[in-house]
Amino acid sequence: NAGVMQNPRHLVRRRGQEARLRCSPMKGHSHVYWYRQLPEEGLKFMVYLQKENIIDESGMPKERFSAEFPKEGPSILRIQQVVRGDSAAYFCASSGTDGNTIYFGEGSWLTVV
Amino acid sequence: DAKTTQPTSMDCAEGRAANLPCNHSTISGNEYVYWYRQIHSQGPQYIIHGLKNNETNEMASLIITEDRKSSTLILPHATLRDTAVYYCIVRVYNTDKLIFGTGTRLQVFP
């Protein structure tokens with residue numbers, strides 16, 4: 001059983017560039033969550049999506065950040081015009097329709113230089 | 001905000017049981033207690049969850065008090081690889097997000 005797959009695992013972007021992080025949920029899972037972890041800090045919820053719908057984006061910064069989970073393909077977290085403060089680990093998680101257990105991927109590490 | 005309180009750090013000798021406490025005095029009747037851990041630079045790993053009965057799986061046991069205001073995660077025979085930050089989270093079953101607090105940093109020593 002493949003777990004939650006994230007790519008790239010490491011991404012370096014210059015200030016002002018765009019970063020795209022991809023997440024393929026576990027097989028059979030239709031719910032996706034994105035979390036951010038700044039250096040030496042805890043995990044902060046960003047957004048919760050189901051196929052083609054954003055359910056809860058209460059943790060998303062209002063500007064430059066967007067997320068989607070299309071009918072086909074992985075979920076994408078997009079960060080436009082990155083700044084140094086966006087440097088963090090971004091974790092994706094998924095759950096099935098019963099929402100019972102949420103499983104996390106290994107994360108994508110974004111470094112903005 | 002996280003609805004749980006955990007000690008900041010704990011130590012445990014290898015081979016001994018690690019007992020990690022968690023207070024959740026404002027837990028609602030429909031909220032489950034979940035435990036995750038995060039080993040350095042890895043994604044959070046699901047450990048166990050429960051509602052009001054004690055639960056056990058291959059990784060750990062979860063003991064929930066009768067009034068459900070606190071719980072204890074037990075790792076029966078801690079190993080060095082159990083060194084991690086352990087998070088206790090309350091979550092309504094089948095609803096959205098997990099809210100992480102600061103967790104307990106467990107250090108297992110030889």
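Refer to the structure presented above.
Below or above, wherever it landed, is the structure these notes cover. These figures come from a predicted structure and were not determined experimentally.

## Focus: the pairing of strand S7 (residues 65-68) of chain A
All names here are of chain A.
Here is step 1 of the chain: Of the two faces of S7, the one holding Phe 65 and Ala 67 is buried and the one holding Ser 66 and Glu 68 is not buried anywhere.
Here is step 2 of the chain: Both S7 and strand S8 (residues 75-79) contribute to a ladder of four bridges, which runs antiparallel. Counted as the bridge partner of Ser 66 is Arg 78 from S8.
Here is step 3 of the chain: Hairpin connection from S7 to S8: six residues lie between these consecutive antiparallel strands, with Gly 73 at a positive phi of about 100 degrees.

## Observations concerning the interface of chain B and chain A
Here is step 1 of the chain: Taken together, the contact between chain B and chain A spans 18 residues of the former and 20 residues of the latter.
Here is step 2 of the chain: Counting across the interface, chain B meets chain A through one salt bridge.
Here is step 3 of the chain: Residues B:Lys97 and A:Asp56 are paired through a salt bridge, measuring 2.5 Å at the closest nitrogen-oxygen approach.
Here is step 4 of the chain: Counting every contact that joins chain B to chain A gives four residue pairs in polar contact (both at pLDDT 80 or more).
Here is step 5 of the chain: When residues in the side of chain B that touches chain A are grouped by element, the largest group, three residues, is from strand S3 (residues 31-38) of chain B.
Here is step 6 of the chain: When grouped by side-chain class, the residues that make up the side of chain B that touches chain A number eight nonpolar, seven polar and three charged.

Cut-offs and rules
- Here, residues in each chain are numbered from 1, in the same order as that chain's written sequence.
- Following the order in which they are written, the chains are lettered starting with A and the ligands numbered starting with 1.
- Owing to the predicted nature of the model, reporting of local features is limited to residues with pLDDT of at least 70; listing and counting of side-chain atom pairs is limited to 80 or more, with chain, interface and lining totals taken over all residues.
- Calculation of side-chain values draws on the structure's entire complement of heavy atoms; hydrogens and water are dropped beforehand.
- For the exposure calls, accessible area comes from a 1.4 Å probe over protein chains only, and a residue counts as buried if that area is under 20% of its type's maximum, exposed if over 50%, partly exposed in between.
- Only runs of H or I of at least four residues qualify as helices and only runs of E of at least two qualify as strands under DSSP, and these elements are numbered from the N terminus.
- A pair of strands is treated as paired once DSSP finds two or more bridges between them.
- Any two residues having at least one pair of non-hydrogen atoms within 4.5 Å are treated as being in contact.
- Any carboxyl oxygen of Asp or Glu within 4 Å of a side-chain nitrogen of Lys or Arg constitutes a salt bridge here.
- Between N or O atoms, a polar contact is any pair within 3.5 Å; within protein, one atom must be a potential hydrogen donor and the other a potential acceptor, and residues adjacent in sequence are included only when both atoms are from side chains.
- The classification used treats Ala, Val, Leu, Ile, Met, Phe, Trp, Tyr, Cys and Pro as nonpolar, Asp, Glu, Lys and Arg as charged, and all other residues, Gly among them, as polar.

This is a description of form; function is not addressed.
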